[in-house]
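Residue-level structural notes
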Amino acid sequence: MKERKNDSEITIKSFYTEKDIPAAFKNEVPGEFPYTRGVQKDMYRGRLWTMRQYAGFSTAEESNKRYKYLLAHGVMGLSVAFDLPTQIGYDSSHSLAEGEVGKVGVAIDSLEDMEELFRDINLGEISTSMTINSTAFILLAFYVSLAKKQGVDLSQLRGTIQNDILKEYAARGTYIYPPKASMRIITDIFEWCEKALPKWNTISISGYHIREAGSTAVQEIAFTLANGKAYVKAAIDKGLDIDQFGKRLSFFYNAHNNLFEEIAKFRAARSMWAEIMQSLGAKDPKAMMMRFHTQTGGSTLTAQQPMNNISRVAIQTLAAVLGGTQSLHTNGFDEALSLPTETAAGIALRTQQIVAYESGVPDTADPLAGSYYVESLTAEIKSKAYDLIHQIDEMGGSVQAIENGFMQNEIAKSAYTYQQEIEKKEKIIVGVNEFQEISQHQIPVLHVDDNIRQVQMNKLERLRNKRNQQMVKDCLEKIENAARNETNLMPPVIEAAEHLCTLGEIADVLRKVFGEYK
């Protein structure tokens, strides 16, 4: 019989017995170190995961309509997608923004756009996740400024900024500043939020994009946790208390189709992070708990026979919930073709609700604990991921491993191997390399108006004509001085947001001080 392996090159036996369960796992319980079985004793019996839907396209006005639709249909938290110019610090009027405004997310150029994005939505009553990295500090400043205008108590503000720049260098590419400067900005956010936004998650250390770039499940958690170590060490070097900022760290993972590999991956990652934080000096149990958001796998969705993606998303939803996620976003079945339509977003949300209320999966914590296969796979994934982390540690940590090209090369090799297996039909993708259909059903897709850039440019012109230009100049000078004098950047950036400085203007000040990473 041919040997069978999963995507992480772990050999899968034809059956498993009690002998395959590591002795250390046998007495573990949910809610206790090292949290392999979950961070809460009763898990979803006490509270279901937060059901999020990732949305953002076109203008803030259009995205606001989608948010209201999602909230009306049972979404418990919003996740904001930003367009590419916003992600890399360019106003919509910048020449490099042409053709990209509003296409893969919403265009946010100023506080006024943020106001429109959340019009008639009380920021004190929702949790907001923002998928933003190099300009995370600016978008957070806009959000805080809006909360203040709404009269919201900042100590009650809940949400997350992704703010994970290391994976941008390794896998995704929306960076602006060199790594050292980017790490400084991130630790400034940690420091400011510790006092001003005690309920805000200051970083979502992301394996999602590492997996989307072609990594295996083992590489996803190894590189993510190595990056997490780098952020923790940078914060400790800045003088922050690991038991305080450690409670506000969160993670973001991908869920793919191999159900048991994904469940074991989540369990292994949680256990490893508890051990890593303990080794770095954490003593508070809450600082050792890995809390994570999951999104179903965008790269697993197929343009061929797109309705099949509903089944894929359902499997991935089960993997995330059985693995103990704290919040979840489910992709629309049409996302290999376009941004999701309302219909597709609605089905994606209902998929979560069916698992939550009809499947029985949330009735007990970690229902697959004790499975010979799952426990053995958890141990193997953990061992292989630690091997990779030790290699990175020997290089001097994540920043050095990225600068050496180690992470990028490992991901590229895995992506190449995966594609080769598909082309050789060693891996079957239904509807793609097997079970194809000659005729394809037409799926309605969402179209984004090409005039969005002009709409945004008109808004920027009106904003610049009405604001106090001397105040803008003064605010930008304060940001430059803070950057050069090593003082915390968040207070002057928030002041600049409140006085209608644009995202591009704020980002450009720091381009002048820090330079750009090439």
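Residues numbered from 1 in each chain as written. Predicted model: local features only at pLDDT ≥ 70, side-chain atom pairs only at ≥ 80, totals over all residues. Heavy atoms only, no water.

**Let's talk about the overall build of the protein**
For the protein, the helix and strand inventory stands at 20 helices and 11 strands. A compact globule built from 518 residues would reach a C-alpha radius of gyration of about 24 Å, and the protein, at 23 Å, matches this within 12%. For the protein, the spread of C-alpha atoms along the principal axes amounts to about 75 × 60 × 45 Å. Relative to its full complement of 518 residues, the protein shows a buried share of 58%. Long-range pairs, those at least 24 residues apart, make up 78% of the contacts in the protein with a sequence separation of at least 6. Accessible surface, the protein: about 21200 Å² in total, of which carbon and sulfur atoms supply 50%. If you average the places of the 57 positive and of the 66 negative side-chain charges in the protein, the two averages end up 2 Å apart. (Helix = DSSP H or I, 4+ residues; strand = E, 2+ residues; numbered from the N terminus. Rg over C-alpha atoms; globule rule 2.2 N^0.38 Å. Buried < 20%, exposed > 50% of the residue type's maximum accessible area, 1.4 Å probe, protein only. Contact = heavy atoms within 4.5 Å. Areas by Shrake-Rupley, 256 points an atom, 1.4 Å probe, with all protein chains shown as cover. Lys, Arg positive; Asp, Glu negative; His and termini not counted. Charge placed at Lys NZ, Arg CZ, Asp CG, Glu CD.)

**A word on the sheet that holds strand 9 (residues 249-255)**
With parallel pairing, nine strands are arranged side by side in an open sheet as 7-6-5-4-3-11-10-9-8. Lying at the two open borders of the sheet, with one neighbouring strand each, are strand 7 (200-201) and strand 8 (203-206). (Pairing = 2+ DSSP bridges.)

**A few points about the pattern of salt bridges**
Taken as a whole and assessed by the stated rule, the structure comprises 39 salt bridges. Among the ionic pairs, E61 bridges to K459, the shortest N-O distance being 3.6 Å. Highlighted residues: E61 in helix 1 (residues 60-72) and K459 in helix 17 (residues 452-466), separated in sequence by 398 residues. With its nearest N and O atoms 2.8 Å apart, the salt bridge here joins E116 to R119. For E116, a relative accessible area of 17% corresponds to the buried category. We classify R119 as partly exposed; its relative accessible area is 40%. (Salt bridge = Lys/Arg side-chain N within 4 Å of Asp/Glu carboxyl O.)

**A closer look at the pairing of strand 9**
Of all seven residues making up strand 9, seven are buried, and the element is well covered by its neighbours. In this structure, strand 9 lies alongside strand 10 (residues 292-296), joined through five bridges in parallel fashion. The residue of strand 10 that forms the bridge with Y253 is T294.

**Some points on a nonpolar patch on the surface**
A contiguous nonpolar patch, built from I428, V430 and F435 and spanning about 270 Å² of accessible area, is present on the exposed surface. Tracing the chain through its elements places V430 in the loop between helix 16 (406-423) and helix 17. (Patch = residues over 30% accessible without salt bridge, like charges linked within 9 Å, V, L, I, M, F, W, Y side chains within 5 Å.)

**Some thoughts on the pairing of strand 6 (residues 158-161)**
Where strand 5 (residues 127-131) lies against strand 6, four bridges are found, and the strand directions are parallel. Residue M130 lies in a different strand from strand 6, and its bridge partner there is I161. With respect to chirality, the unit in which strand 5 leads through helix 4 (residues 136-150) into the neighbouring parallel strand 6 is right-handed. Pairing analysis gives two bridges linking strand 6 to strand 7, with the strands arranged parallel. Looking at strand 7, one finds that T160 is bridged to N201. (Right-handed = clockwise from strand over helix to strand, strands pointing away.)

**A look at the environment of I392**
Tracing the sequence through the fold places I392 in helix 14 (residues 372-395). What makes I392 buried here is its relative accessible area of 0%. Along the backbone, I392 and F223 are 169 residues apart, and their C-alpha atoms lie at a distance of 8.5 Å. Beyond its immediate stretch of four places on either side in the chain, I392 contacts F223, A226, G397, S398, A401, F406 and M407.

**Some remarks on empty space enclosed by the protein**
Evaluated as defined, the whole model comprises four cavities of 30 Å³ or more. By volume, the largest cavity amounts to about 70 Å³. Classifying every residue of the lining of the largest cavity gives seven nonpolar, four polar and three charged. There is about 60 Å³ of room inside the second largest cavity. Among the elements that make up the lining of the second largest cavity, the one with the highest residue count is helix 6 (residues 179-196) (three residues). (1 Å grid on protein atoms, 1.4 Å probe; cavity = no way out; pocket = protein on both sides within 12 Å on 5 of 7 lines; lining within 4 Å. Points joined across faces, edges and corners; volume = space filled by probe spheres on them. Nonpolar A, V, L, I, M, F, W, Y, C, P; charged D, E, K, R; others polar.)

**Points about the packing of helix 18 (residues 469-485) against helix 20 (residues 503-514)**
The interhelical angle for the contact between helix 18 and helix 20, taken along N-to-C directions, is 35 degrees, at an axis separation of 10 Å. Of the two elements, helix 18 crosses helix 20, and the hand of that crossing is right-handed. Where helix 18 approaches helix 20, its residues V472, L476, I479, E480, A483 and R484 are matched on the opposing element by E505, I506, V509, L510, K512, V513 and F514. Taken together, the residues that form the contact of helix 18 with helix 20 break down as nine nonpolar, no polar and four charged. (Axes fitted to C-alpha atoms, helices over the stretch in contact; angles between N-to-C directions. Left-handed = near helix turned anticlockwise from the far one by under 90°.)

**Here's the deal with the side chain of T378**
Turning to its location among the elements, T378 is positioned in helix 14. In this structure T378 touches F25, T36, A264, R267 and A268, once residues within four positions along its chain are discounted.

**A closer look at helix 12 (residues 308-322)**
When the terminal C-alpha atoms of helix 12 are compared, their 22 Å separation across 15 residues agrees well with the 21 Å that a helix rising 1.5 Å per residue should span. Of all the positions in helix 12, only N309, R312, V313, Q316, T317, A319, A320, V321 and L322 are classed as buried. Looking at the buried side of helix 12, the elements it contacts are strand 9, helix 10 (259-279), strand 10, strand 11 (327-329) and helix 13 (342-358). One or two positions beyond helix 12, positive phi appears at G324, with a value near 90 degrees. (Expected span 1.5 Å × (residues − 1).)

**Side note on the layout of surface pockets**
Size it by volume and the largest pocket reaches roughly 1600 Å³. As for the largest pocket, its lining consists of 50 residues, of which N6, D7, Y418, E421 and K427 are closest to the centre. Listed by contribution, the elements that provide at least two residues to the lining of the largest pocket are strand 1 (4-5), strand 2 (11-12), helix 7 (208-212), helix 8 (217-237), helix 12, helix 14 and helix 16. The element best represented in the lining of the largest pocket is helix 16, accounting for eight residues. Counted by class, the lining of the largest pocket contains 14 nonpolar, 18 polar and 18 charged residues. The computed volume of the second largest pocket comes to approximately 970 Å³.

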